[in-house]
Amino acid sequence: MGIGDLSLTPAEIVALNTPASAMGEFGLPAEDEERKRLLELAAQQLQETGLSPEELATRIAVQSPTPVVQPTAFGPIVPWQPIARTIPGDPNDPDSSAKQETTYLTDMPWEELTPAQQAWLTAYSEFNDSHVARYGIPIDRPWTNAAQSAKESIDARYKEIAAEYGIPVDESLLGPNAQPNAYYPKPRHHGGIAGNLMRDGQLSLSGGVIDTLFGHYAEKYPLLAPKVSMTQLPVVAASVFLGMFAGPALAGELGAAEAGAAAGGAAGGAAAGTTTAAAQATLYSQMAANAMTGAINGVMAAAANGEDIWEGALRGATAGAAGTAASAGGQALTAEQSAMMQRIVAGAARGAVTAYISDGDMTQGIISGIAGAIGAKAPTPAAQPFTDVSIAPSSEIPGMLPLASPESVGGFLSTLGEAVPGTELPIGGVESDVTQLPTIERAIQTGGLLAPGAVGMFPVAALSTPDTSAEEQAEPSAPVAEEPAPVEAPRPPVDYAKAASDTLKLYQQLTGLMANPPDEFVMPVREEGQTDEEYNVAVGQAAVEYLSLDAEDMAAQGLVPGTQEYLDYILAQADTIIAQVFGADPNLLLAGESVEGMQDALRDLSENEAQQLLQALYVRGALGQFSYQGSATDPFTGITEELGMLPLPAGDATLNPAEAARQRGLARSLQHLAALPGQQGAEYLRGLFGRDVDIFGLQSAYDTRAEAEKRAALEDEDFEYDDEFFGDEDFTVDEYGNIIKRRKRRKQRS
Amino acid sequence: MGTLRAKTLRYPGSHGLNTIEETVVDENTRYGVVVTNGVVDSGGKLAARKEFTLQTTGFSNTTRVLWAHRSLNSVETIWSAADGQIYTGITTLTSRYDYRAGFQVVDVGGAKTSASSTGLANSTETYGLTVSVNGAAAQQVNVTGSSAQTYANLLVAINADLTGASCSLVGGNLRFISASNGVGSTISVLNSLGSASNLLLSTLSNFTAIRAANAGVSSAENWQFASFRGRVYAAQRAQYFTALDESNFTVASVVGQPWSNSVNCVIAAYGRLWAADDQEGGSRQTVWWSNLLDGLTWNSGDAGSLDVSNAWPKGQDTIIAIAAAFSRLFIFGRRSILLYTLPASNAPTGMTLTDVVENIGCVARDSVQVTDTGIYFLSDNGIYRIDKLAQTTALMTLPQVSYLYNEEVLAQIAAETATNIRSGYYPTEGYYALSFPTSNVTFVVMTRKVTPADGNRLVGLKWTNTGRPFYAFIFDENANWYSGGVNGIHRYTGYTPDGTSNAYSLTYTALWNPIEDESRLKHGKAITLVLEAASGQTGTLEWKHDYVSGTVNSNAFTCSTSEFAENPGIGHVSISIGGSFKVIQPSVIFPINGNAVTLHQMRIYASPGAVKQG
């Protein structure tokens, strides 16, 4: 019996993954005949497959389309119960008077609460604390059966406390809609959830991510951990957030013309006009926004279909982000490229998550995933299919269990509203604000799918697990657009390598990582009759393409010239090309040289020149310069470089144009290096290492001034000498004692 | 008894103020310890200044800023600011921009018209925002998407829900403005959906940001204007950076303003606008420049900025003013000055820090005047000039202009609010005027008149009057020099005070004069003045003895019709003085009312007495 033959409802899957003690919270009986039957069935499966129960659950293709999450069953949600409160005036201030304010139960001073309210809050807090302690997830809106159950528990406990203290029960506090929502989602809840997901519960790390992504809220809630740049996050954390927390805003309309709208709907919307800076949006945020959108849809779709939510989130996030990449810089992918990209991205994501789950090497996982996806269509089976990558037991993933539960999904979803207010998504074919609960409900009802346009680009089916055959794939429960036409014509290997490189960069951008690109560079096929020179040119051209160091290419990846990330990318590519130049022909290395040494030397050169530029800019008073100019002069070459500016909205300027131009100049040098045949390339590189430029002519200007001052000083000395010894006479003597005129003497000196 | 002696003071006061030398040392000098309301005429004599005569009719407010705008079709217009409005005109002031009411701009990318699409869903979806007017509770504004597909409809829908305020398209952006004026007039727009289903503002197409709210004012006229490519730009701390069309005076949309609140400095130079000093936004070290030839665009093209935090010579400073001259950009800090030299292309990204000045900065933005001889400005240490730089390698030299009367300048700095200080330049005569309106004192530097002190100190005088402080200065294409003041704009012309309360007098007080020998007693006889005046011109001669400040002798006089028959003409006035003294300090005061007075000579007659011993 194969895994796909198992027919379990989502609730049953949950049950398989849930300890008996927690069953009640899922609205399921702790122990009954059905559960026993399922466990026996699972045990049988486990014996056959060697998988753990959790693994089994994640691998099962659910046959039943019955959705687990039915939020509408609990009626309208009342997240807040506003309370009008009177603040008395200051008795010592005759000008002060009583004021009215609207507050909430949880924000009321304790002494102003009625005994019933105090009791209720006590009960609520007790229950919530235990819930947070157990799952890292606060109780939020009554989305699910579990929340309903939780509320009932709160109510019961409230009644107990009320009875214990002789407090009359306030009926208005009872029932699913009377929740005061003391734990209305705040950014720290993201941290809580994230920490729950991550190994060792790295709350500070997750807090940093949230801080970075949700800076607006970070300012509002100072309890968040100090900022941690995404680029500083370890691979594991980035991978997790790729799936679940990749970005603050939104997908949908990401064409160039709509960039402003996306910005407004994204961080700008979140900022809600508070500051200009908060309204900034970059390609990164757009892509991250799409990742978030995808994650939302992925989670909801997976939940609705009983699939693994975790994987769904990753799939969705990756697909969403790829959607951004496809439209970034106005370079829409063709349908063929798009389809291939979908597979690649899906493979990459699966590879990444698999590597993460198995505690393996993330980059290798990505590459494997990419390779697997490419291998499905590529004529050269250079890659390892995804099926070869095993999934480690989920027991190694602390916190996995709660998120796989319906209420945790609800909890997660409910946090999104706070995270990205004003964010619109094409859900169910309609642009909707995801922070609005009816929107989320609609999304769930419609299968949580992207709008037709987006679905057309990234159909769910196309993103399905590559190792699952078409026959094994379950039909999605909600309507989806048709999958694009399959790619029939084989493509040259270099194209796939290029695509793989691009995809990896896409992943790097998503995660903020700058992992080394794949070491493999597929040499172009030498055509019949091609001379060595022609072939070298072809190889060089392929290498240049492989490097993707064009200003526009890098801009399309969201890299901002002048930033450290930009430089890191260039240097990473430099490592590759240096390895190609010298690795292909070790004879090019001179005595004492090594590939690593050459790579280090280039880094040293870059570092030294950066320092030199820093000093020069300080002298020129130009350290704090920003510009929107699309080009600038590389101070080390004098060449005007197109910087590859991003289509940024107001408030964003490129970093110091001189540094940006320096980086572009370095990229230009590397492109030139890549196009040179071996020996020439080696010589060119050595010449580059020896570059010593008097940037801005500072040294020569200084020397000129110093010389002028020196000459002036000498002139003064002469005058003093003349005055002292010769009075008004305009004579002096030369080395032979002959009298010479001062004018002649000056001429001699000059 | 000794023979009667005479000591002649030629061209008294024509070297201007000198408060650092109390007693005459060099009898060839012509300083005065008080030289008020005078100028040094072409003959090198001290003469009465002209009056700033009111030109405006029917205006009861005080004009505090003046700007001469020369339009693209060569029409020059005087712009001014008073009582929370910007005006044009001289005899009649026409309000062109009223900022008395509190307002807030919602930047939707500019260029929106009534017919522009809002971008809202054409459905029954509701969109909301909240607005607090004059500090009251927030008002909910709800708009149904289908009924607000254009901005015309959107404005109708918004205004239907607004009380005490309105919303309109100004400069292609939404502007919410209070219906009341003055300090209590405020607007606070929030992108909050309130009871609606969706956020309204951030859903609008091309929504960029809600700009900082502009509180209502009753005054606040510290604008700095700049004219550039058909528009007049106005910058003032805590006021919305505004661009007005020179023809129809409509507000133009400024695209992508990079500062977070408002800039206090704006100049036009080298093909673009330059702005600086966003104090409210907490950015007082940054200079921004617009796109080339486009003063409305600040976030594209070659627009950019320069944070000079790392360029101050002594750690930290803040920008007070910026000026452009001699292919340089001068950035005046409070305690230092940065000199940037632009490249041949004038590209700001290529400009380099050429020189810095430590310990001399700028007190007031409006004290800076770029003239044909250099840049004058007010520092903590007095009035300075940055000499015109003739060569690209030349560095800044800063002669102190107010060297001879610096104490008086410093006293005025201490008594004045920096934002009230104004300056002007009258190129016809080369006057640099620096006004302290609160104390009604204006220092006027005769930039073309040099004193003997140190070879090149410029003659400095003091101007004042009764009830007509000089709030602003501007010079126009017809060689008219204007002052902003009470009841509008005044022109430098004639000698008749315009109004009974506006009186001024030419005053000259000589240095203490020992008449060659301070040790010897003198018996005073008379003082004779050689004047150019009209018959009937009155005056008062005052004199003090022996450094005794409390005792002032005086004698009034009137220029006789016989002596001044030429009317006006040159004549003598002799006033008897008595008493004995070792040193004497004569002073003469001429109320100016219709005619000029020029002081040619003062002669002191006295007979020598004994040398006192013991």
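In what follows, the structure referred to is the one given above.
Now for a quick tour of the structure. (Residues numbered from 1 in each chain as written. Chains lettered and ligands numbered in written order. Predicted model: local features only at pLDDT ≥ 70, side-chain atom pairs only at ≥ 80, totals over all residues. Heavy atoms only, no water.)

1. A closer look at the overall build of chain B
So, point 1. Broken down by element type, chain B carries two helices and 47 strands.
So, point 2. Burial status across chain B gives 58% buried among its 614 residues.
So, point 3. If you take every contact in chain B between residues at least 6 apart in sequence, the share linking residues at least 24 apart comes to 62%.
So, point 4. Accessible surface computed for chain B: about 22100 Å², of which carbon and sulfur atoms make up 47%. (Helix = DSSP H or I, 4+ residues; strand = E, 2+ residues; numbered from the N terminus. Buried < 20%, exposed > 50% of the residue type's maximum accessible area, 1.4 Å probe, protein only. Contact = heavy atoms within 4.5 Å. Areas by Shrake-Rupley, 256 points an atom, 1.4 Å probe, with all protein chains shown as cover.)

2. Section: the overall build of chain A
So, point 1. For chain A, the helix and strand inventory stands at 28 helices and nine strands.
So, point 2. Within the span of chain A, comprising 750 residues, buried residues form 51% of the whole.
So, point 3. Pairs at least 24 residues apart make up 67% of the contacts formed inside chain A by residues separated by at least 6 positions.
So, point 4. Accessible area for chain A stands at about 32700 Å²; split by element, carbon and sulfur atoms hold 53% of it.

3. Some points on the packing of helix H23 (residues 564-583) of chain A against helix H25 (residues 657-675) of chain A
Residue and element names in this part refer to chain A.
So, point 1. H25 packs onto H23 with a crossing angle of 15 degrees between their chain directions and a minimal axis gap of 10 Å. The angle between the axes of H23 and H25 places the two elements in the roughly parallel class. For the crossing formed where H23 meets H25, the hand is left-handed. Together, Tyr566, Leu567, Ile570, Leu571, Ala574, Ile577 and Val581 of H23 and Arg662, Gln663, Arg664, Leu666, Ala667, Leu670, Leu673 and Ala674 of H25 make up the contact between the two elements.
So, point 2. Counted by class, the contact of H23 with H25 contains twelve nonpolar, one polar and two charged residues. (Axes fitted to C-alpha atoms, helices over the stretch in contact; angles between N-to-C directions. Parallel < 35°, antiparallel > 145°, perpendicular 65-115°, else oblique. Left-handed = near helix turned anticlockwise from the far one by under 90°. Nonpolar A, V, L, I, M, F, W, Y, C, P; charged D, E, K, R; others polar.)

4. Focus on the packing of H23 of chain A against helix H26 (residues 678-689) of chain A
Residue and element names in this part refer to chain A.
So, point 1. Interaxial distance between H23 and H26 falls to 9 Å at its minimum, and their mutual angle equals 130 degrees. Relative to H26, the element H23 lies oblique. Helix-helix and strand crossings are classified by hand; for H23 and H26 the assignment is left-handed. Facing Ile578, Val581 and Phe582 of H23, the residues of H26 in contact are Gly678, Gly681, Ala682, Leu685 and Arg686.
So, point 2. Its residues placed into classes, the contact of H23 with H26 shows five nonpolar, two polar and one charged.

5. Digging into helix H1 (residues 151-161) of chain B
Residues and elements named next belong to chain B.
So, point 1. Residues of H1 that are buried: Tyr151, Leu154, Leu155, Ala157 and Ile158. Buried positions in H1, seen along its axis, are confined to an arc of 165 degrees and lie on one side of it. Exposed side of H1, more than 90 degrees from the buried face: Val156 and Ala160 are the residues found there. (Arc of directions from axis to C-beta.)

6. Considering the sheet that holds strand S5 (residues 52-54) of chain B
Residues and elements named next belong to chain B.
So, point 1. In space, the four strands of this open sheet follow the order S5-S39-S38-S37, with antiparallel pairing throughout. Strands at the two margins of the open sheet, each flanked by one partner only, are S5 and strand S37 (472-475). On average, adjacent strands in this sheet sit at an angle of 35 degrees to one another, irrespective of strand direction.
So, point 2. When S37 meets strand S38 (residues 481-485), the two strands line up antiparallel, connected through four bridges. Paired with phenylalanine 473 across the two strands is serine 483, which belongs to S38. (Pairing = 2+ DSSP bridges.)

7. A closer look at unusual backbone geometry
Residue and element names in this part refer to chain B.
So, point 1. The amide bond that connects asparagine 567 to the next residue, proline 568, takes the cis arrangement and shows omega of 0 degrees.
So, point 2. For alanine 220, which is not glycine, the phi torsion reads 55 degrees and is therefore positive.
So, point 3. Position of alanine 220 relative to the elements: it lies in the loop between strand S17 (209-210) and strand S18 (224-228).
So, point 4. One non-glycine residue, phenylalanine 326, lies in positive phi territory at about 55 degrees.
So, point 5. Take phenylalanine 326: it is sitting in the loop between strand S26 (319-325) and strand S27 (328-333).
So, point 6. Looking at phenylalanine 326, the relative accessible area reads 17%, which means it is buried.

8. Remarks on the pattern of salt bridges
Opposite charge on two side chains permits them to pair, given that their charged atoms come into close proximity.
So, point 1. Across all of its chains, the model carries 24 salt bridges over all chains by this definition.
So, point 2. The salt bridge involving arginine 603 of chain A is made with aspartate 575 of chain A; its shortest N-O contact spans 2.7 Å. In this pair, arginine 603 of chain A sits in helix H24 (residues 595-619) while aspartate 575 of chain A sits in helix H23, placing the two residues 28 residues apart along the sequence.
So, point 3. Given a relative accessible area of 31%, arginine 603 of chain A falls into the partly exposed group.
So, point 4. When its relative accessible area of 15% is taken as the criterion, aspartate 575 of chain A is described as buried.
So, point 5. Close ionic contact of glutamate 408 of chain B with lysine 462 of chain B constitutes a salt bridge, the shortest N to O distance being 2.5 Å. Remark: lysine 462 of chain B occurs in strand S36 (residues 458-463) and glutamate 408 of chain B occurs in helix H2 (residues 406-415); sequence separation between them is 54 residues.
So, point 6. Taking the relative accessible area as the measure of exposure, lysine 462 of chain B reaches 19% and is therefore buried. (Salt bridge = Lys/Arg side-chain N within 4 Å of Asp/Glu carboxyl O.)

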